[in-house]
Amino acid sequence: MHLVKKTLGFYFLYVFIFQPIIAFPAHAQMTSTDNSKKSNDLVERMRRVENGLIPPFRIKGEKVEKWNIAERMKHYKVPGLSVAVINNGVVEWAKGYGEREAGTNLPVTTETLFQAASISKPVAATVALKMVEDKKLSLDEDVNNKLVSWKVPENEFTKEKKVTLRALLSHTAGTSVSGFPGYAATVKTLPTVVEILDGTPPANTKPVRVEAPIGKEMNYSGGGITIIQQLLTDVSKKSFPALANETVLNKVGMKNSTYEQPLPQRLQSQAAAAHNDKGEMITGRWHAYPEMAAAGLWTTPTDLARFAVELQQAYKGVNGKFLAPETVRQMFIEQIGGWGLGVGLSGKGEAARFTHGGSNEGYRCTLVTYKENGKGAVIMTNSDNGDALVNEVLRSIAAEYEWTDFLAPEKTVVKLYPKIFDAYTGKYQFGTAGQFSVSSENGKLFLRLGTEKKYELFAESETHFFVKEMPLLVSFVKDSTGRVTEMINIYNGQEYRLKKV
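In this text the structure is predicted, and so the values were computed from the model without any measurement. (Residues numbered from 1 in each chain as written. Predicted model: local features only at pLDDT ≥ 70, side-chain atom pairs only at ≥ 80, totals over all residues. Heavy atoms only, no water.)

A. Molecular detail of the overall build of the chain. What the chain contains, in helices and strands, is 11 helices and 19 strands. At 22 Å, the chain has a C-alpha radius of gyration in line with the 23 Å of a compact globule built from 501 residues. In terms of overall dimensions, the chain has a C-alpha envelope of 65 × 60 × 45 Å along the principal axes. In the chain, buried positions account for 56% of the 501 residues. Taking the intrachain contacts of the chain between residues at least 6 apart in sequence as the baseline, contacts between residues at least 24 apart amount to 65%. When the accessible surface of the chain is split by element, carbon and sulfur atoms take 50% of a total near 20500 Å². Across the chain, 61 positive and 53 negative side-chain charges occur, with their mean positions spaced 1 Å apart. (Helix = DSSP H or I, 4+ residues; strand = E, 2+ residues; numbered from the N terminus. Rg over C-alpha atoms; globule rule 2.2 N^0.38 Å. Buried < 20%, exposed > 50% of the residue type's maximum accessible area, 1.4 Å probe, protein only. Contact = heavy atoms within 4.5 Å. Areas by Shrake-Rupley, 256 points an atom, 1.4 Å probe, with all protein chains shown as cover. Lys, Arg positive; Asp, Glu negative; His and termini not counted. Charge placed at Lys NZ, Arg CZ, Asp CG, Glu CD.)

Okay, here's the thing in structure tokens:
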């Protein structure tokens, strides 16, 4: 989960715009005239998306400015962007923009590979659920019964409840290590998964341990997904990339996707290089992530869109290519805190959707897919600055394709007496994932994650605020004495609760 992102850098010199992939439903019968008209209509629709980028909120009394993709890539200093749009249950179009590597004129195409970062998790979840379908694993069995190479260490939190696959997939196992920084090209030896789980050299993260009650609350944990990676390889006796290829990637037709880490030489010329917040390519072009299930998938928006369409179809009862409908429906049942089995869940009724974001060193991306209406989108960038751009493109797609719940709402900014802010200042804990801080400076209120950029909070009321740069709503909860006990963050419709410490 990434609610606050880095500042922006690098002057973008040139934007390439390439011909899209255009797909129509397989059953459609069209004359050449119909085909030409549909193609022209789709081109116009794409142009409206490309020129309809808007901020997350409309401020009452202020004119709503619209931007185009090229302008915003230049503004945010994002070298490369790739988009795939799902409509009526098919990948309707996909398109690449900009450069794989800043200043090289190497174009991003629909087959350019990006790191999916945490969008690796829902794909890995389907690998695990396939093994559940095949009765090689159980969702509710103690994972230590099947783990061979490593065991979840017992402690006070595992006495009453054991760690299960269901708890790990839904981030309710209380496990530590929210995310991974990856390993630069200068690192000669990557750690094994066991070394990562135990936090022993050359691993660069702490040990993965149960640090909170199991099944009580959602604590986002890449460490927990890495336990699943070890579980799957122990049970299958196959490498994780080979198992993922066999059970999901090949069956769905994700021909430009791999969990191999480091990225094989044969694929490196196809990949978009990672860029920092100054627009500079990082040393070695990208980091490696042996935490493959949590962060290691290389893929394209088109491949991820194909994956999402398969889940949509299975959810509606169509026997798909890799998971049965009943399995996918179970995947989409909320466990705790807006999470299903490997996916975030938000919205209700026709607006119900499954989502996941991704943030690796030099890459930002998102997947948003509706369960019922056959709509969705996948957007990927090769920049630490990609989040704001991703959300602007997402809102433009939402406006064009009438995702009514994604329309930018109107906000009225109210003036508050700065003394009110004193009650809100301090640190707020997000499970085991990290801390946010709220500060009051020169009569303004600010939110910050760790040491990253701070964002001003604009007041709608005494307790409700919003951030202008991203789709983030913030509210503060008080007890009967008026003391602030909790901060609620709603990001792109998904709720996260943070306790004041």
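B. Expanded view of the nonpolar core. Counting residues in hydrophobic clusters, the biggest one holds 85 residues, and the most contacted among them are Leu232, Tyr259, Leu304 and Phe332. Considering every element that reaches this core, the biggest residue donor is helix α9 (residues 301–315), with eight residues. Beyond its immediate sequence surroundings of up to four residues, Leu304 is in contact with Ile119, Val123, Met254, Leu297, Thr299, Leu367, Val378 and Met380. Val49, Ala351, Val368 and Val390 belong to the second largest nonpolar core, which has 29 residues in total. (Core = buried A, V, L, I, M, F, W, Y, C linked by side-chain atoms within 4.5 Å.)

C. Examining the sheet that holds strand β16 (residues 464–467) more closely. Pairing within the closed barrel is antiparallel, and its eight strands lie in the order β12-β13-β14-β15-β16-β17-β18-β19. When strand polarity is set aside, the average angle formed by the axes of neighbouring strands in this sheet is 30°. (Pairing = 2+ DSSP bridges. Axes fitted to C-alpha atoms, helices over the stretch in contact; angles between N-to-C directions.)

D. Structural context of the side chain of Thr381. Assignment of secondary structure puts Thr381 in strand β10 (residues 376–381). Residue classification places Thr381 among the buried residues on the basis of a relative accessible area of 0%. When residues no more than four places from it in sequence are discounted, the contact partners of Thr381 are Val78, Gly80, Leu81, Phe114, Gly362, Tyr363, Arg364, Gly386 and Val390.

E. Region of interest: the pattern of salt bridges. A complete count under the given rule lists 31 salt bridges for this structure. Among the salt bridges present, the one from Asp134 reaches Lys130, with a minimum N-O distance of 3.7 Å. Residue classification places Asp134 among the partly exposed residues on the basis of a relative accessible area of 38%. Its relative accessible area of 15% is what places Lys130 among the buried residues. Between Glu495 and Arg497 there is a salt bridge; the shortest N-O distance is 3.0 Å. In this structure Arg497 comes out as partly exposed when scored by relative accessible area, which is 42%. (Salt bridge = Lys/Arg side-chain N within 4 Å of Asp/Glu carboxyl O.)

F. Just unusual backbone geometry, in detail. Pro201 connects to Pro202 through a cis peptide bond whose omega is 5°. Following the sequence through the fold, Pro202 ends up in the loop between α5 (193–198) and α6 (222–236). Following Gln261, the chain continues into Pro262 via a peptide bond in cis, with omega recorded as -5°. Here Pro262 lies in the loop between α7 (240–252) and α8 (292–295). Phi angles above zero are rare outside glycine, and His171 is one such case at about 60°. Within the fold, His171 resides in the loop between α4 (165–169) and α5. Unlike most non-glycine residues, Lys237 shows phi in positive territory, near 60°. With respect to the element layout, Lys237 can be found in the loop between α6 and α7. Lys237 sits in the exposed class, given a relative accessible area of 73%.

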